[in-house]
Amino acid sequence: MTRGVFITFEGADGCGKTTQIELLKKYLDEKKIKNIQTREPGATELGVELRKILLHYEKPVSDVAETFLYLADRAQHIEFEIKPMLDDGYIILCDRFIDSTVSYQGYARKQDINQIKKLNEIATKGLKPDLTIVFDIESEVAQKRLQGEKDRLEKEGLEFHKALRFGYLELAKEEPNRIKVINANDTIENIHKKVIELISRYI
Ligand SMILES: Nc1ncnc2c1ncn2[C@@H]1O[C@H](COP(=O)(O)OP(=O)(O)OP(=O)(O)O)[C@@H](O)[C@H]1O
Ligand SMILES: [Mg+2]
């Protein structure tokens, strides 16, 4: 059995990750290509509990505690979902992964970037995505797309979101082979076409 492909989707809240993953899933399903949609945080049973805390816990959460909660979710996800599915030949479409932790907890919360990268390596046992797509968008545009009740991180201000965007773009510069950036201030259909172009060499 050939190994599957691990693709992650990254970018600020409201950039269009879920919209694009769902379109891509439909495309792969139609082509009868074995795939699975997953996300962080909250893909495993333990992860569901951690997600509730991460997004909705109302009392103060220390930056370090926040980081470790994401990493705990990731360790569980890798061991019980991602690794077995990859070994089973699936194309994995994962909504957020290691680059979210570096960008949010590192760049936006201003914690040590290299330390977070090392912690990611521990949580994933060194497993990296084959391809990461970052949907890049002006913070103001992404914020306007978000309707309804905002979660704990979405409530952060413009400065936080600008640092976050900068973080993603820095990571893309550091790892140009793995991380590809798409301008997300475009129509859903145009972005979908670009996503297909990017994934085509992996399927
Ligand atoms: N290219 C686009 N142009 C305009 N609106 C869009 C576009 N892509 C997605 N949207 C809309 O913006 C909103 C946010 O999109 P979506 O939920 O896909 O973002 P997300 O990156 O998954 O956000 P989150 O990180 O909060 O889950 C949705 O209402 C969606 O329909
Ligand atoms: Mg989403």
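Here, the structure is the one placed above.
Residues numbered from 1 in each chain as written. Chains lettered and ligands numbered in written order. Predicted model: local features only at pLDDT ≥ 70, side-chain atom pairs only at ≥ 80, totals over all residues. Heavy atoms only, no water.

Participant: Help me understand the nonpolar core, please; the structure alone is not making it clear to me.
Facilitator: Inside soluble globular proteins, nonpolar side chains tend to come together where they are buried. Judged by nonpolar contacts, the single largest core of 21 residues is most densely connected at Val102, Tyr104, Leu153 and Leu164. Only α2 (45-56), α3 (63-87), α4 (98-108), α5 (113-124) and α7 (158-174) provide two or more residues apiece to this core. A per-element tally of this core places α7 first, with six residues. Look past the residues within four positions of Val102 in its chain and what remains in contact with it is Tyr107, Ile113, Ile116, Lys117, Asn120 and Leu171. Grouped together as the second largest cluster of nonpolar side chains are 20 residues, Ile7, Leu28, Ile199 and Tyr202 included. (Core = buried A, V, L, I, M, F, W, Y, C linked by side-chain atoms within 4.5 Å. Buried < 20%, exposed > 50% of the residue type's maximum accessible area, 1.4 Å probe, protein only. Helix = DSSP H or I, 4+ residues; strand = E, 2+ residues; numbered from the N terminus. Contact = heavy atoms within 4.5 Å.)

Participant: What is the right way to look at the pairing of strand β1 (residues 5-10) in this model?
Facilitator: Two faces, one strand: in a regular strand the side chains alternate between the faces of the sheet. The buried count for β1 comes to six of six residues, which makes it a mostly enclosed element. Burial along β1 is two-sided: the residues Val5, Ile7 and Phe9 and Phe6, Thr8 and Glu10 are all buried. As defined by bridge partners, β1 adjoins strand β3 (residues 91-95) across five bridges and the pair is classed as parallel. Along β3, the bridge assignment pairs Val5 with Ile91. (Pairing = 2+ DSSP bridges.)

Participant: How do you make sense of the packing of α4 against α5 when you look at a structure like this?
Facilitator: Geometry of a packed helix pair, given as the angle between the helix axes and the separation of the axes. Relative orientation of the contacting elements α4 and α5 amounts to 150 degrees, with a least axis distance of 9 Å. It follows that α4 is roughly antiparallel to α5 by the angle criterion. Pair α4 / α5 crosses with right-handed handedness. Residues Ile98, Thr101, Val102, Gln105, Gly106 and Tyr107 of α4 form the contact with α5, whose own contacting residues are Ile113, Ile116, Lys117, Asn120 and Thr124. Looking at the contact of α4 with α5 residue by residue, the classes come out as five nonpolar, five polar and one charged. (Axes fitted to C-alpha atoms, helices over the stretch in contact; angles between N-to-C directions. Parallel < 35°, antiparallel > 145°, perpendicular 65-115°, else oblique. Left-handed = near helix turned anticlockwise from the far one by under 90°. Nonpolar A, V, L, I, M, F, W, Y, C, P; charged D, E, K, R; others polar.)

Participant: What am I meant to see in the layout of surface pockets here?
Facilitator: Gaps between atoms show up when a probe of the same size as a water molecule is rolled over them. The volume enclosed by the largest pocket comes to roughly 500 Å³. Surrounding the largest pocket, 28 residues form its lining, Asp13, Lys17, Arg51, Asp95 and Arg96 being those nearest its centre. Secondary-structure elements contributing two or more residues to the lining of the largest pocket are α1 (17-30), β2 (35-39), α2, α3 and α4. Partitioning the lining of the largest pocket into residue classes produces nine nonpolar, nine polar and 10 charged. (1 Å grid on protein atoms, 1.4 Å probe; cavity = no way out; pocket = protein on both sides within 12 Å on 5 of 7 lines; lining within 4 Å. Points joined across faces, edges and corners; volume = space filled by probe spheres on them.)

Participant: Explanation requested: the pattern of salt bridges in the structure shown.
Facilitator: Note that side chains of opposite charge can pair when their charged atoms are close. Considering all chains together, one arrives at 19 salt bridges under this definition. Between Arg109 and Glu156 there is a salt bridge, with the nearest N and O atoms lying 2.9 Å from each other. Here Arg109 is found in the loop between α4 and α5, whereas its partner Glu156 is found in the loop between α6 (139-145) and α7, with 47 residues between them in sequence. Through salt bridges with shared partners, one network takes in Asp63, Glu66, Arg109, Arg152 and Glu156. (Salt bridge = Lys/Arg side-chain N within 4 Å of Asp/Glu carboxyl O.)

Participant: Sorry if this is basic, but what is going on with the sheet that holds strand β4 (residues 131-136) here?
Facilitator: Reading across from one edge, β2-β3-β1-β4-β5 is the order of the five strands in this open sheet, with parallel pairing throughout. One side of each edge strand has no neighbouring strand; the edge strands of this open sheet are β2 and β5 (179-183). On average, each strand axis in the sheet is inclined to that of its neighbour by 20 degrees, with strand direction left out of account. Along the sheet face, α7 touches β1, β4 and β5 and points at about 130 degrees away from the line of β5. Across the face of the sheet, helix α8 (residues 188-199) comes into contact with β1, β4 and β5 while running at roughly 160 degrees to β4.

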